Amino acid sequence: MMLRTVWEYILRIFGVAKTNTTGEQLTENLEFTQKYEATEEMNLTAIFANKLSTLAMSESTADVVGNNKRVFFLDQCLGEVWGQMKRVVSRMLGTGGCIIVPYVRLGKIQFDLLSQERLVIHEKQGCRITRATVLADSVKQKERQYFRWVDYRVVDETLYITNKVTDQWGNDAFIEQWTGIEDQAIAGVDRVLFAYFQSPVDNRRFSDDYGVPITYGCDALIKEIFECFEQIRDEYKLKEVKIFADERMFQKDPKTGLYRMPSKVFFAAHGKENGDMIEVFSPEIRHSSYYERLQYLFGLLEKSIGTSKGILTVPETRGATATEIKAGIYDTYTMIGDIRLTVEYGMRDYLYACNVLANYYQLAPMGEYGVRFDWDYEMIESSSETWGQLKDALDLGVKSKVELRQWLNPNETADEAQKVLEDI
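Description of the structure in this document. (Residues numbered from 1 in each chain as written. Predicted model: local features only at pLDDT ≥ 70, side-chain atom pairs only at ≥ 80, totals over all residues. Heavy atoms only, no water.)

A look at the layout of surface pockets
In this structure, the second largest pocket occupies an estimated 720 Å³ of space. Forming the walls of the second largest pocket are 25 residues, and the residues nearest its centre are Tyr103, Val104, Arg148, Asn163 and Ile181. Counting only elements with at least two residues in the lining of the second largest pocket, the list comes to β2 (97-105), β3 (108-115), β5 (128-141), β6 (144-155), β7 (158-167) and α9 (330-361). If one sorts the elements of the lining of the second largest pocket by residue count, β2 sits on top with five residues. When the residues that make up the lining of the second largest pocket are grouped by side-chain class, the tally is 15 nonpolar, four polar and six charged. (1 Å grid on protein atoms, 1.4 Å probe; cavity = no way out; pocket = protein on both sides within 12 Å on 5 of 7 lines; lining within 4 Å. Points joined across faces, edges and corners; volume = space filled by probe spheres on them. Helix = DSSP H or I, 4+ residues; strand = E, 2+ residues; numbered from the N terminus. Nonpolar A, V, L, I, M, F, W, Y, C, P; charged D, E, K, R; others polar.)

This is the structure we're talking about:
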């Protein structure tokens, strides 16, 4: 609630008279992040986010294409961010969205990765954000917290970037380490200079300014799953083995007057003169019924989210061909496709921002560039089937030996593969 109040105060400082974001959305975005970051118990949102981000990003690459110095510069910018993309996608799916904010320091473009709750969108033109405020940084000194806010506003193709520093109550403050950050006005810009990666999950509203977590709308089902966990825990706890032995078998502690037990499973009892000296309590644990229900709930959660079996449950048996593999995980495969489209859109925005900053600070000569994504499809491919297709393509003359070698050795460039083939 305090952060929401500070947000409202900051918007007044920047002169934001109208915004697309409501106070309820600010609170909801903060709750999404808090739930994703919770570590006290099993976090199903984090499990799905981490698994899907691994499937989406592993073994995939991206590069800037062209033949000039600007391409080389932007490719370095892309490479540094691409190494963090699994984390970006995981946070995007876990919290609803995240932003990558590039900035220039010591003649080099660096970036900050920020969660969705630190972004307030005021205006959009189509899919492009044209006015927004970001909580860019924070620092704690003694007992007080300080924040650095950045406001982005596009007016007639000129971007105005304004910085403000406040304490945790919204009062103006001075922090020495932020004194060198200046306000800017950059011409020829049609959007804010950061990339917003918005979760592809449907938020079930007319407004789609913000994304929602991968488990959005599944709270009741997740609550049932945790209730089942509690029932299983209680079942094992209540039916632990207990041994009731005649008290005459134990000695008493002279100080406490209590019987000395060999372990915690023993209990002293009044035995019968002609009865057994020991009775064992070891009832059957109903694990099958509980685990069947747990697996049923896991499968229901996977369906609710829109994935195939294999995230929480045991994956279904697949055939050997690529078609059979794809059919077995089709729902997960289509979701991975949506995630990758979101990544492509966000990365293009990031490179656009880096390109504008490179022009503004004259970091590299100007030049045209393009971006290429090479997504891995191992999750739906049969390696033996693909290899057979590649060999057929070689026989037909539509593939070269260099391409086949690169498929076998993905880290080799075309020149390296050609050299090895010549040596062979």
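Quick notes on the pattern of salt bridges
Scanning all chains against the criterion turns up 16 salt bridges. In this structure, the salt-bridge partner of Asp423 is Lys419, at a minimum N-O distance of 3.5 Å. Note that Asp423 and Lys419 are positioned in helix α12 (residues 414-423) at a spacing of four residues, about one turn of the helix. Linked by salt bridges that have partners in common, Arg128, Asp190, Arg191 and Asp349 make up one network. (Salt bridge = Lys/Arg side-chain N within 4 Å of Asp/Glu carboxyl O.)

Quick look at the environment of Leu93
You can see Leu93 is positioned in helix α5 (residues 85-95). On the basis of relative accessible area, Leu93 is assigned to the buried category, the value being 0%. In sequence terms Leu93 and Asn50 are 43 residues apart; their C-alpha atoms lie 8.5 Å from each other. The residues touching Leu93, leaving out its near neighbours within four places in the chain, are Ala49, Leu52, Ser53, Ser199, Pro200, Pro213, Ile214 and Ile339. (Buried < 20%, exposed > 50% of the residue type's maximum accessible area, 1.4 Å probe, protein only. Contact = heavy atoms within 4.5 Å.)

As for the nonpolar core
Residues Trp82, Met85, Phe194, Leu301, Ile339 and Met347 are the most contacted members of the largest nonpolar core, which totals 96 residues. For this core, the element with the highest residue contribution is α9, accounting for 13 residues. If we ignore the near neighbours within four places in the chain, the residues touching Met85 are Met57, Phe197, Val343 and Met347. By size, the runner-up hydrophobic cluster in this structure holds five residues, among which are Val139, Val165, Ile175 and Trp178. (Core = buried A, V, L, I, M, F, W, Y, C linked by side-chain atoms within 4.5 Å.)

Section: the sheet that holds β2
Taking strand neighbours across the sheet as the criterion, the three strands line up as β3-β2-β9 in an open arrangement whose pairing is antiparallel. Each of the sheet's edge strands pairs with one partner strand only, and the pair in question is β3 and β9 (195-198). Each neighbouring strand pair of the sheet contributes to a mean axis angle of 20°, computed without reference to strand direction. In terms of strand pairing, β2 meets β9 through four bridges, oriented antiparallel. When the sheet's bridge partners are listed, Ile100 is paired in β9 with Ala195. Lying over the sheet, α5 contacts β2, β3 and β9, oriented at roughly 140° with respect to β2. (Pairing = 2+ DSSP bridges. Axes fitted to C-alpha atoms, helices over the stretch in contact; angles between N-to-C directions.)

So, the packing of aromatic side chains
Under the criterion given, the structure shown has ten aromatic pairs. Geometrically, the ring pair formed by Trp82 and Phe373 is tilted, given 6.1 Å between the ring centres and 45° between the ring planes. Here Trp82, found in helix α4 (residues 69-82), pairs with Phe373, found in strand β13 (residues 370-374); they are 291 residues apart in sequence, far enough to count as distant. Just as Trp82 is buried, Phe373 falls in that class too. One aromatic cluster in this structure is built from Trp82, Phe373 and Trp375. The aromatic ring of Tyr352 is capped on one face by Arg191, whose charged end is 3.9 Å from the ring centroid. (Phe/Tyr/Trp six-rings, centres within 6.5 Å; stacked < 30°, edge-to-face > 60°. Lys NZ or Arg CZ within 6 Å of the ring centre and 35° of its normal.)

Section: the side chain of Thr332
Note on placement: Thr332 falls in helix α9. Among residues more than four places away in sequence, those in contact with Thr332 are Leu52, Leu55, Gly306, Thr307, Ser308 and Met379.

Here's the deal with empty space enclosed by the protein
On inspection of all chains with the given rule, the structure shows one cavity of 30 Å³ or more. If you go around the largest cavity, the residues you meet are Gln25, Glu28, Asn29, Asn203, Arg205, Ser207, Asp209, Tyr210 and Gly211.

Regarding unusual backbone geometry
Although it is not a glycine, Leu106 sits at a positive phi angle of roughly 55°. Accessibility expressed as a relative area gives 83% for Leu106, which makes it exposed.

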